[in-house]
Amino acid sequence: MSTLFKPKLAILAGGGRLPAALVEACASQRQEVAVITFKGQPQPEDLDKSLLSAYAEFPLGVVGAILRWLHDAAIEQVVLIGHLSRPSVFDLQPDWRGLKLLAEQLLRRDDALLRRIVTLLEAEQFTVVGVHEVCPELLARPGLYTRKKPPHAQQVDVALGLRLAKHLGAADIGQALVIKDGVVLGVEAVEGTDALITRCAALRGNQRGGILVKVAKPEQEQRADLPTVGYKTVQLLAELGFEGLAIEGEKTLFIDADAAANLADSRGLFILSAAGVN
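Residues numbered from 1 in each chain as written. Predicted model: local features only at pLDDT ≥ 70, side-chain atom pairs only at ≥ 80, totals over all residues. Heavy atoms only, no water.

Participant: Tell me what's going on with unusual backbone geometry, and back it up with residues and numbers.
Facilitator: A negative phi angle is the norm for most residues apart from glycine, just as the trans form is the norm for most peptide bonds. Located in the positive-phi region is D46, a residue other than glycine, with phi close to 65 degrees. Note that D46 resides in the loop between β2 (33-38) and β3 (54-58). Unusually for a residue other than glycine, A74 sits at a positive phi of about 60 degrees. Within the secondary structure, A74 sits in the loop between α2 (63-72) and β4 (77-81). (Helix = DSSP H or I, 4+ residues; strand = E, 2+ residues; numbered from the N terminus.)

Structural data, given as structure tokens:
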């Protein structure tokens, strides 16, 4: 971790393992870090609050209150990570800052909303940084993570899946898809990657196989929404009889990568991180 990121850091955290992994990495480097979570939303997994300099939970829509808390805590840098559920407008209960943001972004694309949030934070004099900047070791390195190499038929599926995922990402549809024997079984929607895997396993019927492919969108706001996989992703793929995982190297966050690769080796899956995906 670079010493560039020693100013006080706050994580605006959704669900998943990533927020806790970043907190642990910060603690190991004596980086002071605070965390905000959101009421009624997915919570970070395995978060050790004893490692935090400050912690708070807010309703998602109270943007003004969140900004005041960040200023009062003397935060200088902000990271946005973890997944959130898409709330109903009626569940947000926004303050006036939240209502203004909601009105500006109504019916716009997810990436446009993320860019607007980044712009809002920067206008408040916070520096928005990506988790890959704070902790570059969490980025997937290009190459094969497992002993198993995909055979020719699976290599064809991987190449096709990577191209199709990039095209879908350009339309802001999602970051992931499942492909089997040249057929796309499913595309990631608002339900997330785990639900995609489970849905596609059901669509296969009694068959096994299929590959999860996950890439960054061509216009990805890399400071806020890099694609993420981890041990639990591989565990679910193994449990449901999939053949492997293909991700975009240097643009995908890979949490607990060594443990995930060991699990894949023990269950006969491959994990491939591809460079230069177009």
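Having seen it, we continue.
Participant: I'd like a description of the pairing of strand β9 (residues 211-214), backed by residues and values.
Facilitator: The alternating pattern of β9 places I211 and V213 and L212 and K214 on opposite faces, both of which are buried. Relative to strand β11 (residues 244-248), β9 runs parallel, the two being bridged by four bridges. Looking at β11, one finds that V213 is bridged to A246. (Buried < 20%, exposed > 50% of the residue type's maximum accessible area, 1.4 Å probe, protein only. Pairing = 2+ DSSP bridges.)

Participant: Which residues make up the pattern of salt bridges, and what are the values?
Facilitator: According to the stated counting rule, one finds seven salt bridges in the structure shown. With its nearest N and O atoms 3.2 Å apart, the salt bridge here joins R17 to D256. Taken together, the residues R17 in the loop between β1 (9-13) and α1 (18-28) and D256 in the loop between β12 (253-255) and α10 (257-267) connect sequence positions 239 residues apart. By relative accessible area, which is 32% here, D256 ends up partly exposed. The shortest N-O distance in the salt bridge between K180 and D181 comes to 3.5 Å. Among the residues examined, K180 registers a relative accessible area of 13% and is labelled buried. A relative accessible area of 60% places D181 in the exposed class. Several salt bridges converge on common partners, so that one network encompasses R17, E24 and D256. (Salt bridge = Lys/Arg side-chain N within 4 Å of Asp/Glu carboxyl O.)

Keep in mind these numbers describe shape, not what the thing actually does.
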